[in-house]
Amino acid sequence: MADGAEQKSSNQMWGGRFASGPSAIMEEINASIGFDKKLYAQDIRGSIAHATMLAAKGIISAEDKDKIIEGLNTILSEIEAGAFEFSRKLEDIHMNIEARLATLIGPAAGRLHTARSRNDQVALDFRLWVKEELQKTEAMLSALIAAFLDRAEQHSDTVMPGFTHLQTAQPVTFGHHCMAYVEMFGRDRARVRHAIEHLDESPIGAAALAGTGYPIDRHMTANALGFREPTRNSIDTVSDRDFALEFLSIASICATHLSRLAEEIVIWSTPQFGFIRLSDAFSTGSSIMPQKKNPDAAELVRAKTGRINGSLVALLTVMKGLPLAYSKDMQEDKEQVFDAAESLELAIAAMTGMIRDLEVRADRMRAAAGSGYSTATDLADWLVREAGLPFRDAHHVTGHAVALAEKKGCDLADLSLEELQAINSAITASVFDVLSVEASVASRTSFGGTAPSEVRKQIAWWRGRN
């Protein structure tokens, strides 16, 4: 076969975008600059702290340190102005910045990488990014919690049906229902705070995996970068992605809470329920049905959960079989975290907007609150408390009362005293004091209960927290 034919056959083997052969494939699979350029600010910040420490310890000269910092600040300005040209051939954000620094300041740029490796450098950049993202998430969750507290305060007396199995169970207040989400998102915020505490250690100085023989001061760089302390084992430092997994785990749990809320908003906004109306800002119309108002924002929040959960599973799978210390597999960590972070931010922002903007239809909630014989448990409790019946007997008597009301097509409160006494002679007229939905919710004064007085106590407690 002629040389030309051999070359053609070889190129067909790679095909398409990889027609230039194995080197094209290697460049494509190895390069991370397409996504890790997001870490530019953290990379520059870490390099400035590292250079400052190297000079303080006499490892590089003060003159070289000043040139390095000036050059890095120039690169930062170029990137933020959109004037920096990222190169795939330079693989990643670290080499892109280092190459540009060499162009700007010459040989002094080569001294910056003293006593570090790309292994601890990327661990630092990524950890800084995740820490900042967690801080942002904490603030966004606080805003969502505040929106729910405002709603709970406005509707601490608004009666609605409480559900189990999506069947009417007992009357509750809408304020109490809102406070359930305050608890959920409060736990999410607590997990965020714990995650910040867990990752608050500086990786820089671990070098490739064994530390360094240079007389560096890792506490100095940790302090300069806002970390509590440096990490304590160089092997673990460069191979650890627990902070990324913890972020994704938190994001998945939080997204699950957001999805549950989104599902309720979708249900509540249907004509069949009609508990709320969404503002035009968070809903859309139909292309062919002019009467439709679709809860698209809530549905998309619900869908984002699958995407975020997928990111967690993907990174868990990447990490599950890696020996110590660093492996190139770990390059696959960032896209999952970046995507999940973007999705979570959008979902929290959308849900905060919906909660603040939605219209609560208290009349529809009240009308539904008494459906399904929701005060049946109150009748049973009255029989225990006032008539002295064992609860199981009271449950049985109440079942007969519900069956009678069902047969007559009326509520429990609409049964006559004579009809109730025919079921159990111990029933007196005072039973009607507990059969209204308002009386039912007012009676639930146990700690954490739905009584308006208790809801207001819980609102005050949450408002007193940071």
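Residues numbered from 1 in each chain as written. Predicted model: local features only at pLDDT ≥ 70, side-chain atom pairs only at ≥ 80, totals over all residues. Heavy atoms only, no water.

## Comments concerning the overall build of the protein
1) Next: Check the secondary structure of the protein and you find 19 helices and six strands.
2) Next: For 466 residues, the compact-globule estimate of 2.2 N^0.38 gives 23 Å, and the protein exceeds it by more than 25% at 31 Å.
3) Next: For the protein, the proportion of its 466 residues judged to be buried stands at 47%.
4) Next: In the protein, the share of contacts with a sequence separation of at least 24, taken over all contacts with a separation of at least 6, comes to 74%.
5) Next: As displayed, the protein has an accessible area near 22,200 Å², and 52% of this comes from carbon and sulfur atoms. (Helix = DSSP H or I, 4+ residues; strand = E, 2+ residues; numbered from the N terminus. Rg over C-alpha atoms; globule rule 2.2 N^0.38 Å. Buried < 20%, exposed > 50% of the residue type's maximum accessible area, 1.4 Å probe, protein only. Contact = heavy atoms within 4.5 Å. Areas by Shrake-Rupley, 256 points an atom, 1.4 Å probe, with all protein chains shown as cover.)

## Considering helix α4 (residues 40–56)
1) Next: For α4, which comprises 17 residues, the first-to-last C-alpha distance of 24 Å matches the rise-based estimate of 24 Å (1.5 Å per residue) to within 8%.
2) Next: Along α4, the residues classified as buried are Q42, D43, I44, G46, S47, A49, H50, A51, M53, L54 and A55.
3) Next: Turning to α4, the residues buried within the fold contact α5 (62–80), α6 (93–105), α7 (118–154) and α9 (218–224).
4) Next: At the exit of α4 stands G58, carrying a positive phi of roughly 75°. (Expected span 1.5 Å × (residues − 1).)

## Some words on the environment of D378
1) Next: Relative to the assigned elements, D378 resides in helix α15 (residues 376–387).
2) Next: Along the chain, D378 and T428 lie 50 residues apart, while their C-alpha atoms are 14 Å from each other.
3) Next: In terms of polar contacts, D378 uses its side chain to reach the side chain of S440, at 2.8 Å. (Polar contact = N/O pair within 3.5 Å; in protein donor to acceptor, adjacent residues only side chain to side chain.)

## Description of the side chain of D43
1) Next: Mapping D43 onto the fold places it in helix α4.
2) Next: As a buried residue without a salt bridge, D43 has its nearest oppositely charged side chain in R116, at a separation of 5.6 Å.
3) Next: At 2.7 Å, the side chain of D43 and the side chain of H94 are in polar contact.
4) Next: Discounting chain neighbours no more than four positions away, the residues touching D43 are I93, H94, I97, Q121 and D125. (Lys, Arg positive; Asp, Glu negative; His and termini not counted. Salt bridge = Lys/Arg side-chain N within 4 Å of Asp/Glu carboxyl O.)

## Structural notes on a nonpolar patch on the surface
1) Next: There is a patch of nonpolar side chains on the surface, built from L209, I235 and L324 and spanning about 280 Å² of accessible area.
2) Next: Topologically, L209 is positioned in the loop between β3 (201–202) and α9.
3) Next: Judged by relative accessible area, which is 39%, L209 ranks as partly exposed. (Patch = residues over 30% accessible without salt bridge, like charges linked within 9 Å, V, L, I, M, F, W, Y side chains within 5 Å.)

## Describing unusual backbone geometry
1) Next: Of the consecutive residues L324 and A325, the connecting peptide bond is found in the cis state with omega at 10°.
2) Next: Not every positive phi belongs to a glycine, and E91 is a case in point at roughly 75°.
3) Next: Within the secondary structure, E91 is located in the loop between α5 and α6.
4) Next: We classify E91 as partly exposed; its relative accessible area is 24%.
5) Next: Unlike most non-glycine residues, A115 shows phi in positive territory, near 65°.
6) Next: Inspection of the secondary structure assignment puts A115 in the loop between α6 and α7.

## Quick word on the pairing of strand β2 (residues 167–173)
1) Next: Bridge count between strand β1 (residues 159–164) and β2: six bridges; the pairing is antiparallel. When the sheet's bridge partners are listed, V159 is paired in β2 with T173. (Pairing = 2+ DSSP bridges.)

## As for the environment of S269
1) Next: Among the structural elements, S269 can be located in the loop between α11 (242–268) and β5 (276–277).
2) Next: In this structure S269 comes out as partly exposed when scored by relative accessible area, which is 23%.
3) Next: With residues near it in sequence (within four places) discarded, S269 still touches I276 and P295.
4) Next: A polar contact is formed between the side chain of S269 and the backbone oxygen of I265, at a distance of 2.9 Å.

## Some details on the packing of α7 against α11
1) Next: Contact geometry of α7 with α11 gives a least axis separation of 10 Å together with a crossing angle of 25°. Overall, the two elements α7 and α11 adopt an arrangement that is roughly parallel. Crossing of α7 over α11 shows left-handed handedness. Along its contact with α7, which presents A123, F126, R127, V130, E133, L134, T137, L141, L144 and F148, the element α11 presents F243, A244, F247, C254, L258 and L261.
2) Next: Of the residues belonging to the contact of α7 with α11, the class tally is 13 nonpolar, one polar and two charged. (Axes fitted to C-alpha atoms, helices over the stretch in contact; angles between N-to-C directions. Parallel < 35°, antiparallel > 145°, perpendicular 65-115°, else oblique. Left-handed = near helix turned anticlockwise from the far one by under 90°. Nonpolar A, V, L, I, M, F, W, Y, C, P; charged D, E, K, R; others polar.)

## Overview of the nonpolar core
1) Next: Judged by nonpolar contacts, the single largest core of 72 residues is most densely connected at F185, L258, M351 and M354.
2) Next: Breaking this core down by element, the ones donating at least two residues are α7, α8 (174–199), α11, α12 (296–319), α13 (334–357), α14 (362–369) and α19 (452–463).
3) Next: No other element matches the 16 residues that α11 contributes to this core.
4) Next: Non-local contacts of F185, meaning those with residues more than four positions away in its chain, are made with L141, L144, I145, F148, C254, H257, L258 and L261. (Core = buried A, V, L, I, M, F, W, Y, C linked by side-chain atoms within 4.5 Å.)

## Quick look at the packing of aromatic side chains
In this description, a pair of aromatic rings is defined by centroid distance and the angle of the planes.
1) Next: Tallied over the full model, the rule gives 12 aromatic pairs.
2) Next: Taking 6.1 Å as the distance between ring centres and 50° as the angle between the ring planes, the aromatic pair formed by F163 and F273 counts as tilted. A residue pair is termed long-range when its members are at least 10 positions apart, and F163 in strand β1 and F273 in the loop between α11 and β5 qualify at 110 residues.
3) Next: A residue is classified by how much of its surface remains accessible, and F163, at 26% relative accessible area, is partly exposed.
4) Next: The class of F273 is partly exposed, set by a relative accessible area of 21%.
5) Next: A connected cluster of aromatic rings, assembled from ring pairs, spans F163, F174, W268, F273 and F275.
6) Next: One residue, K38, lies across the ring of F338, its end atom 5.4 Å from the ring centre.
7) Next: When the ring centre of F126 is taken as origin, the NZ or CZ atom of K334, which lies over that ring, is 5.5 Å away. (Phe/Tyr/Trp six-rings, centres within 6.5 Å; stacked < 30°, edge-to-face > 60°. Lys NZ or Arg CZ within 6 Å of the ring centre and 35° of its normal.)

This is a description of form; function is not addressed.
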